[in-house]
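# Structural description and commentary
Residue strings, one per chain:
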Amino acid sequence: MHLASARTVEEITAAMNAGKLPQALLFAGPRYSGRLTTALDLAFAMSGDADNRRTLSADNVVFLPERNLEPPLRASYRMLSEHPCDRYRYFFIENVRIVMMQYHPALQSQGRDQKDRIFERAGDLDAMLMDFAALSVEDRHFLPLAEKMMDIVSKDEFLYKGRKKGGISVDDIRFVQSYVAVGEKLKFIILENVEQSTDAGRNALLKVLEEPPKGAYFILLSENPQRIIPTILSRVRKFSFPAPTKEHLNSCLKERFLTEKDYDGMDEFFYEKMFSPEDRQTLAKSAEEYLELMISGAGADAGKLNAILLPLDRTRGLDYFLSLVSKGLEKAYESGRLSAYETQRRMKLLSRMTIAFEVYNQNARVGLDLALREA
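Quick look at the structure, then.

Thresholds applied
- Residues numbered from 1 in each chain as written.
- Predicted model: local features only at pLDDT ≥ 70, side-chain atom pairs only at ≥ 80, totals over all residues.
- Heavy atoms only, no water.
- Phe/Tyr/Trp six-rings, centres within 6.5 Å; stacked < 30°, edge-to-face > 60°.
- Helix = DSSP H or I, 4+ residues; strand = E, 2+ residues; numbered from the N terminus.
- Buried < 20%, exposed > 50% of the residue type's maximum accessible area, 1.4 Å probe, protein only.
- Pairing = 2+ DSSP bridges.
- Right-handed = clockwise from strand over helix to strand, strands pointing away.

### Description of the packing of aromatic side chains
- A full pass over the atoms with the stated rule returns 17 aromatic pairs.
- Judged by centre distance (5.0 Å) and plane angle (45 degrees), the ring pair of Tyr271 and Tyr320 falls under tilted. Of this pair, Tyr271 sits in helix H12 (residues 266–274) while Tyr320 sits in helix H15 (residues 318–334), and the two are 49 residues apart along the sequence.
- A relative accessible area of 8% places Tyr271 in the buried class.

### Examining the environment of Glu288
- With respect to the element layout, Glu288 can be found in helix H13 (residues 277–296).
- Sequence separation of Glu288 and Gly328 is 40 residues, and the distance between their C-alpha atoms is 7.7 Å.

### A closer look at unusual backbone geometry
- Here the phi dihedral of Asn193 falls at roughly 55 degrees; this positive angle occurs in a residue that is not glycine.
- The residue Asn193 is located in the loop between strand S3 (187–192) and helix H9 (199–210) in this model.
- Residues other than glycine seldom take positive phi values, yet Arg316 does so here, at roughly 55 degrees.
- Mapped onto the elements, Arg316 comes out in the loop between helix H14 (302–315) and H15.

### Examining the pairing of strand S4 (residues 216–222)
- Burial runs high along S4: seven of the seven residues are buried.
- Relative to S4, strand S1 (residues 24–28) is paired through five bridges, and the arrangement is parallel. Residue pairing for S4: Ala28 is matched across the bridge by Ser222.
- Bridge analysis of S3 against S4 gives six bridges, and the strand direction is parallel. Across the sheet, Ile189 pairs through a bridge with Phe218, a residue of S4.
- Crossover connection from S3 via H9 to parallel S4: handedness right-handed.

Below, the structure is given as structure tokens:
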């Protein structure tokens, strides 16, 4: 499954085959436009390791993510649990590996803090994953081992390396700099949303990009390239990744997962696969009740709001809940229940709440309560 446009892939492939691919690249585009898949494909193709693409068994790729890794991970596990087969086994392995790429040994400090203990667990998980890849889907240990791995990798501290999203740090860049400076092996550093990093982190990255060591390739992934500082932009070659059309998206899903229905986007596909029908129905009811309060501006006492938001804790369904509320606000505008101004203001409140939750570690329930009161 490749969501990137054929033109973009051909342009990158042509530059690689001609030996004219710069060591600093920018893959710019919205979520689910194929940026990460293309970056990984490029790393495997240049390393001559395309045969291992399915299991992502590469030790020369470092990925510092800023995206939410949970939806595809949970979706892949649920699909595998319900229908054990190689098609879903490879999808699960791929998503576990993507989480683990942020635990490359090059990024581990010599201390004994919480992050280093997570690195140790990543080493254990790597060994388990290799055993899992060798098992037959009919083996009685197959699903129990998948469940054991999922129990480790799906925890918040593991998904986000012991922190909430907050941009690439200067320490991350220093570790990367030390890693790429040694040895002659090709190395690929995939950095996501550098525009959200601290000034120190961006300045450290700039120094590395000015003269990348031989064999080191830096691939920046960005949804908002216009926010990247000009000095970094001037040192990368930009490739654009447009959002896939609905037709292309569903063609890819049918090819890889044999889906029968059409989806409006990858979010919808992941949400359907990561939750049971019962949990989706419960979250939809909570979103409907919250939406009605937000539209009417009636507010809610603590007891009522707690009852509405309680399923979010049990299901870990905040993202799905927010997507339903956002779609509900759009429908309220289309039906005339809300004006354009009122709709936009409520959308901004939800967006502000999401940023506070992801970046500043604010409690999501507190943020939703505040958004409701301000609405």
